[in-house]
Amino acid sequence: QVQLVESGGGLVQAGGSLRLSCAASGRTFSRYAMGWFRQAPGKEREFVAAMSWSGRPIYYADSVKGRFTISRDNAKNTVYLQMNSLKPEDTAVYYCAAGPGVTSTPEVYDYWGQGTQVTVSS
């Protein structure tokens, strides 16, 4: 099993930046694909970005492409989401997930973190 814990969320003004971290426990972390999802109040869970265990391929939602960057450090068992040029519509709870393959479908992922709140003010 894999335990995931997100951190780095907070309140930021529009146009600002945040970097989210997802710390994983377990020596098999490097073999998992990792994804980031988000969910705003009253809305369904939304795909943000995903990366394979080897670092490629990488996929981004159109809404964040060019602004967000997913990366991972397998030696530290950590995956990151660098978020730049933040917009109010980015406000959501952000979740990291681990699974057997790179996909935008949340049902494929096996393990999930507890989420971290990101709030972007206008």
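In what follows, the accompanying structure is described. (Residues numbered from 1 in each chain as written. Predicted model: local features only at pLDDT ≥ 70, side-chain atom pairs only at ≥ 80, totals over all residues. Heavy atoms only, no water.)

A short note on the overall build of the chain
Part 1 of the reasoning: When helices and strands are tallied, the chain shows 0 helices and 11 strands.
Part 2 of the reasoning: Seen in sequence order, the chain has helices and strands lined up from the N terminus as β-β-β-β-β-β-β-β-β-β-β.
Part 3 of the reasoning: Sorting the 122 residues of the chain into buried and exposed places 43% on the buried side.
Part 4 of the reasoning: For the chain, restricting intrachain contacts to residue pairs at least 6 apart in sequence, the fraction spanning at least 24 positions comes to 57%.
Part 5 of the reasoning: Counting only carbon and sulfur atoms, one obtains 46% of the accessible surface of the chain, whose full area is about 6400 Å².
Part 6 of the reasoning: Charged side chains of the chain number 12 positive and 9 negative; the gap between the two group centres comes to 8 Å. (Helix = DSSP H or I, 4+ residues; strand = E, 2+ residues; numbered from the N terminus. Buried < 20%, exposed > 50% of the residue type's maximum accessible area, 1.4 Å probe, protein only. Contact = heavy atoms within 4.5 Å. Areas by Shrake-Rupley, 256 points an atom, 1.4 Å probe, with all protein chains shown as cover. Lys, Arg positive; Asp, Glu negative; His and termini not counted. Charge placed at Lys NZ, Arg CZ, Asp CG, Glu CD.)

Description of the side chain of Ser 52
Part 1 of the reasoning: On the secondary structure map, Ser 52 appears in the loop between strand 5 (46-51) and strand 6 (58-60).
Part 2 of the reasoning: Leaving out residues up to four positions away in the same chain, Ser 52 has contacts with Tyr 32, Ala 33, Pro 57, Arg 72 and Val 102.

Observations concerning the sheet that holds strand 1 (residues 3-7)
Part 1 of the reasoning: The strand order 1-3-8-7 describes an open sheet built from 4 strands, whose pairing is antiparallel. Two strands lie at the open edges of the sheet, namely strand 1 and strand 7 (68-73), each paired on one side alone. For this sheet the average axis-to-axis angle between neighbouring strands, irrespective of direction, equals 15 degrees.
Part 2 of the reasoning: Inspection of the sheet shows strand 7 paired to strand 8 (residues 78-83) by 6 bridges, in the antiparallel sense. By the bridge assignment for strand 8, Phe 68 is matched with Met 83. (Pairing = 2+ DSSP bridges. Axes fitted to C-alpha atoms, helices over the stretch in contact; angles between N-to-C directions.)

Thoughts on the environment of Phe 47
Part 1 of the reasoning: Structurally, Phe 47 is set in strand 5.
Part 2 of the reasoning: On the basis of relative accessibility, which here comes to 14%, the residue Phe 47 falls in the buried class.
Part 3 of the reasoning: C-alpha of Phe 47 to C-alpha of Ser 63: the two residues are 16 residues apart in sequence and 9.7 Å apart in space.
Part 4 of the reasoning: Setting aside anything within four residues of it in sequence, one finds Phe 47 in contact with Trp 36, Phe 37, Tyr 59, Tyr 60, Ala 61, Thr 103 and Ser 104.

Some remarks on the nonpolar core
Part 1 of the reasoning: In this structure, Leu 4, Trp 36, Val 48, Phe 68, Leu 81, Met 83 and Tyr 94 are the most contacted members of the largest nonpolar core, which totals 33 residues.
Part 2 of the reasoning: For this core, the secondary structure elements donating two or more residues are strand 3 (18-25), strand 4 (33-39), strand 5, strand 7, strand 8, strand 9 (92-99) and strand 11 (116-121).
Part 3 of the reasoning: Setting aside chain neighbours within four positions, we find Phe 68 in contact with Arg 38, Val 48, Tyr 60, Leu 81, Gln 82, Met 83, Asn 84, Leu 86, Asp 90 and Tyr 94. (Core = buried A, V, L, I, M, F, W, Y, C linked by side-chain atoms within 4.5 Å.)

Overview of the pattern of salt bridges
Part 1 of the reasoning: If you walk through the whole model with that rule in mind, you get 3 salt bridges.
Part 2 of the reasoning: Across the pair Arg 67 and Asp 90 runs a salt bridge, and its minimum N-O distance is 2.8 Å. Of this pair, Arg 67 sits in the loop between strand 6 and strand 7 while Asp 90 is found in the loop between strand 8 and strand 9, placing the two residues 23 residues apart along the sequence.
Part 3 of the reasoning: Take Arg 67: its relative accessible area is 11%, and that puts it in the buried class.
Part 4 of the reasoning: What makes Asp 90 buried here is its relative accessible area of 1%.
Part 5 of the reasoning: Several salt bridges converge on common partners, so that one network encompasses Arg 38, Glu 46, Arg 67 and Asp 90. (Salt bridge = Lys/Arg side-chain N within 4 Å of Asp/Glu carboxyl O.)

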